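Fold and geometry: a report
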Amino acid sequence: AQGAAAEAPPPSSLVIYKQWHPAVSVLFADIVSFTTISKQVEPEAVMHMLHELFCHYDAQCTAQGVYKVETIGDCYMACTGLLVETDQHAEQLVQFGKSMLAAARK
């Protein structure tokens with residue numbers, strides 16, 4: 001009818017990605033004092049530090065079966081149980097987190 005409001009699309013068409021995952025663990029890791037560090041160090045050195053650290057994290061993801069979701073600035077986001085279901089998703093991600101801490105201390 002003329003003048004009538006357009007019908008809203010059905011709710012299912014609004015969801016781009018929807019899949020149930022029964023057991024997933026998610027990790028968000030930030031670098032402590034990153035803002036302070038980045039103000040005191042040349043930008044190239046900051047980028048080099050992030051590149052080296054994130055390359056190590058990426059390699060550990062592959063080695064430990066962890067899925068890297070993304071990096072946002074100095075934040076690293078990863079998860080387990082998403083691509084491969086496992087009852088050990090939490091333990092797996094804790095071990096990954098420990099390897100991240102070890103790498104950051106180097």
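Relevant structure appears above.
Bear in mind that the values here come from a model prediction, so they are computed numbers and not experimental data.

**Observations regarding helix α3 (residues 43–64)**
Between the first and last C-alpha of α3 there are 31 Å, a value that for 22 residues agrees with the 32 Å anticipated at 1.5 Å per step. Regarding α3, the residues found buried are V46, L50, L53, F54, Y57 and C61. What you see down the axis of α3 is that its buried residues fit within an arc of 100°, all on one side. For α3, the exposed residues set more than 90 degrees away from the buried face come down to E44, T62 and A63. As for α3, its buried residues are in contact with α2 (34–40), β2 (67–72), β3 (75–80) and α4 (89–105).

**A look at the packing of aromatic side chains**
Within a pair of aromatic rings, the relevant descriptors are the distance that separates the centres and the angle that separates the planes. All told, the structure shown has four aromatic pairs when counted by the stated rule. For the ring pair F54 and Y76, a centre distance of 5.4 Å and an interplane angle of 50° mean the geometry is tilted. Here the residue F54 occupies a position in helix α3, and Y76 occupies one in strand β3, the gap between them amounting to 22 residues. Taken together, a centroid distance of 5.2 Å and an interplanar angle of 80° make the contact between Y57 and Y76 edge-to-face. Taken as a pair, Y57 in helix α3 and Y76 in strand β3 lie far apart in primary sequence, 19 residues in all. In this structure Y57 comes out as buried when scored by relative accessible area, which is 6%. Linked through ring pairs, F54, Y57, Y76 and F96 together constitute an aromatic cluster.

**As for the sheet that holds β3**
As summarised here, the arrangement of the three strands in space is β1-β3-β2, forming an open sheet in which the pairing is antiparallel. Looking along the sheet, the strands with just one partner apiece sit at the ends: β1 (25–29) and β2. Here the average twist between neighbouring strands, direction ignored, is 15°. Both β1 and β3 contribute to a ladder of five bridges, which runs antiparallel.

**Points about the pattern of salt bridges**
Within this structure, the stated rule accounts for one salt bridge. K68 is the salt-bridge partner of D58, the closest N and O atoms lying 3.2 Å from each other. Residue D58 is located in helix α3, and its partner K68 is located in strand β2; the two are separated by ten residues in the primary sequence. Taking the relative accessible area as the measure of exposure, D58 reaches 26% and is therefore partly exposed. Residue K68 is classed as partly exposed on the basis of its relative accessible area, which comes to 29%.

**Things to note about a nonpolar patch on the surface**
On the surface, a nonpolar cluster with roughly 370 Å² of combined accessible area is contributed by Y67, V69, L83 and V84. In this structure, Y67 sits in strand β2. Since its relative accessible area comes to 33%, Y67 is described here as partly exposed.

Reading guide: rules and limits
Residues numbered from 1 in each chain as written. Predicted model: local features only at pLDDT ≥ 70, side-chain atom pairs only at ≥ 80, totals over all residues. Heavy atoms only, no water. Helix = DSSP H or I, 4+ residues; strand = E, 2+ residues; numbered from the N terminus. Expected span 1.5 Å × (residues − 1). Buried < 20%, exposed > 50% of the residue type's maximum accessible area, 1.4 Å probe, protein only. Arc of directions from axis to C-beta. Contact = heavy atoms within 4.5 Å. Phe/Tyr/Trp six-rings, centres within 6.5 Å; stacked < 30°, edge-to-face > 60°. Pairing = 2+ DSSP bridges. Axes fitted to C-alpha atoms, helices over the stretch in contact; angles between N-to-C directions. Salt bridge = Lys/Arg side-chain N within 4 Å of Asp/Glu carboxyl O. Patch = residues over 30% accessible without salt bridge, like charges linked within 9 Å, V, L, I, M, F, W, Y side chains within 5 Å. Areas by Shrake-Rupley, 256 points an atom, 1.4 Å probe, with all protein chains shown as cover.

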